[in-house]
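Structural features, examined
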Amino acid sequence: MKTFPQYLHQIYTESPDKPAIHMLYLRQPDLTMSYRDLIHGSAGYAHTLQAAGIQPGEVVILILQHSDDLVYSFFGVTLHGAIPAIMPFLTEKLLPEQYRRSLSALFEITAPAAVITYPEFENEVRQAIQPGSTVRAVLTTPNIPAVETVDFNKLRGFDRQPEDIVLLQHSSGTTGLQKGVALSHKAVFNQLESYSDALQLRNDDVVVSWLPLYHDMGLIAGFILPILNRIPLVLMSPFDWVRAPYKLMQAVTRYRGTLSWLPNFAYNFCSQKIRARDIEGVDLSSWRAISNCSEPMIYKSHLMFLERFQPYGLRPEALTTCYAMAENVFAVTQGGVTSRVTIDHISQRGFLIDRVARPPLPGEPFMKMLSCGSPISNSQVKVVDDKYRDLPERQVGEIALQSDCMLAGYYRRDDLTAKAFHNGWYLTGDLGYIADGEVYVTGRKKDLIIVGGKNIYPQDLEALAGDIRGIHPGRVVAFGVFNEDLGTEEVIIVAETDVDERAQDLEARSQQLADEIRLRVTRGSDITVRYVKIVERGWLQKTSSGKVARSANREKYLAETVINS
Amino acid sequence: MTTDISSALARYIATEILKQPKRTINPTEKLISSGLIDSFHLVDLSLYIEDTFGVHIEDTELNADTFDTLDQLVNLVRQRM
């Protein structure tokens, strides 16, 4: 069993000139980085960390945008034996004080020794460092040159053991930041081995990705998997892709891309928002597996994508599926590689009333479920009921998971780690069923909202909205409602107001409150809120313990909205 | 003509992007840096402008440095018509 530094050393020795990454930039030619470039650039970071007195095993937070510096710093931290954690960069709309609060929370939980960022952002980072913080160094990128020759004996990462933690992954928001998923070298390699088999990875594969590296799908599938498997990676910025989605198609054409991973909304987004002239002459026939992953997969989104891009050579069998989570490093299942993705027709009544995914009776309304495929070879999946008892095939329950690539733990949160497991099985919080050995995900047990592949915790949004004057504290609820046109969930916020119902300007006041909530939540979180409903006192339903019940209020909202429309 | 462009754009933004048809867009209100128009809708806006006014906005221009308010957007469209 190897570690990241040992593996990188081996690749460096055997194929230094092989292209590792083609970096795509705006208004600049593509930059091809060989493994030699990768190691030399990364070693520069390792030396800088050493000089700054950072020790192996300590956490280093990376706050950098799409750039070769992000690549070098990530592997540089690993070569030094320290633990990288990539934090999203401050976006234009996010309030700086909100971002600073997130940073402070991250510093508090992960106790990092250093932060690497841009010089223009150094001040922002320093403001988030509280007195007594563990952060000893803020290093900035242009001061970290590549090394001319690499002395592997001096790199301290070679002392690390396969069981040691190699990296941390976080979800965003106050809640998400509490759960830094800590992964060992061994877990990552076990995942790569099993997942590469499931993908039938070949030497001539080329991964094309626009996914952010602070998210498991981007970091593992769209970064570490190709790099450590010596498969070229074509990497573009998520920021550029969202403004020019056609660049994905052009990149696949130019580099003969074979593999990509996309969240479901991206199928709709690409189908709807690309001009014909921008993809004139593109050839998508090299794409052999585009895995739909990280949010509920919708059959119609696949159809929409296929219809739009089949004239450009997209093959129907290239539409594949994947069920993944950071806690398993990445993939749990993969569908559609050895044969077409299974579409399971199930009775609507059986599913909604009896919680069984049974075939429809003749004439009965049915639903088309996209299979996530079979578990990859190192992972076992089962479905359990509320009392953790195993359920038979086709019964809907919570998906539980066991593998040799599970997280080492939520970093410095043993309490959360203990809660996540039951008798050695990781409880995913996802609902689904198994049929013929394939996994189907049907919903979620936990109140998580997934918007465009991003995990959003409703309690974070509720806290933001609840801060506003005129909103009754603790009487706010946030939930997701699926929008078929967008191919993802949209966030709805319902809030009770303190404003006297007899007030003359009630409607104007409600409008104003709704606007304040939209602005506050949009600028304080990773998402944009459109739908806010202001209601009178007593509208929101509570549980017996006095908490606002999200699912009950979601039902109530949907019922009222349908009636009124 | 400026008024026509302005009202058409304001109507599009309020109805299609903000999903609040009754909302008025203040000409100097910040749209992008405030998060009112999110990054997923910038492409929609540029497609609409091209289809409606025949004006092309490069994808590299879809940020608050190029335009952040309705007034700035109207000027940009007018200059290129």
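Because the structure is a prediction, the values reported are computed rather than measured. (Residues numbered from 1 in each chain as written. Chains lettered and ligands numbered in written order. Predicted model: local features only at pLDDT ≥ 70, side-chain atom pairs only at ≥ 80, totals over all residues.)

**Description of helix H7 (residues 185–199) of chain A**
Residues and elements named next belong to chain A. Taking 1.5 Å of rise per residue, the 15 residues of H7 would be expected to cover 21 Å, and the 21 Å separating its terminal C-alpha atoms lies within 8% of that figure. For H7, the tally of buried residues reaches 11 of 15 residues, placing the bulk of the element in the interior. Those residues of H7 lying buried are His185, Ala187, Val188, Phe189, Asn190, Gln191, Leu192, Ser194, Tyr195, Ala198 and Leu199. Where H7 ends, the next residue or the one after it, Gln200, has phi of about 50°, a positive value. (Helix = DSSP H or I, 4+ residues; strand = E, 2+ residues; numbered from the N terminus. Expected span 1.5 Å × (residues − 1). Buried ≥ 20, exposed ≤ 12 C-beta atoms within 10 Å, placed from the backbone.)

**Section: the interface of chain B and chain A**
Listed per partner, the contact involves 17 residues of chain B and 14 residues of chain A. The residue makeup of the side of chain B that touches chain A, split by class, is eight nonpolar, five polar and four charged. (Contact = placed C-beta atoms within 7 Å. Nonpolar A, V, L, I, M, F, W, Y, C, P; charged D, E, K, R; others polar.)

**Quick word on the nonpolar core**
Residue and element names in this part refer to chain A. Within the largest apolar cluster, 149 residues are counted, with the highest numbers of intra-cluster contacts made by Val60, Leu62 and Leu183. Sort the elements by how many residues they give to this core and helix H8 (residues 216–228) lands first, with eight residues. In this structure, Val60 is in contact with Leu49, Ile54, Val77, Ala82, Ile83, Pro84, Pro112, Ala113, Ala114 and Ile116, ignoring residues within four places of it in sequence. The next biggest cluster of nonpolar side chains, apart from the first, holds 27 residues, and it includes Val451, Tyr457, Ala465 and Ile471. (Core = buried A, V, L, I, M, F, W, Y, C linked by C-beta atoms within 7 Å.)

**A word on the packing of helix H11 (residues 264–272) of chain A against helix H12 (residues 299–309) of chain A**
Residues and elements named next belong to chain A. Where H11 contacts H12, the two axes come as close as 9 Å, and the packing angle between them is 35°. For the crossing formed where H11 meets H12, the hand is left-handed. Contacts between H11 and H12 pair Asn264, Tyr267, Asn268, Cys270 and Ser271 from the former with Ser301, His302, Met304, Phe305 and Arg308 from the latter. (Axes fitted to C-alpha atoms, helices over the stretch in contact; angles between N-to-C directions. Left-handed = near helix turned anticlockwise from the far one by under 90°.)

**A closer look at the domain arrangement of chain A**
Residues and elements named next belong to chain A. The assigned domain composition of chain A is domain 1 (4–179) and domain 2 (449–564). Inter-centroid distance (C-alpha atoms) of domain 1 to domain 2 is 37 Å. With 10 residues of domain 1 at the interface, the matching set in domain 2 holds 11 residues. When residues in the side of domain 1 that touches domain 2 are grouped by element, the largest group, four residues, is from helix H6 (residues 173–177). Taken together, the residues of the side of domain 1 that touches domain 2 sort by class into two nonpolar, seven polar and one charged. (Domains from an automatic or database assignment.)

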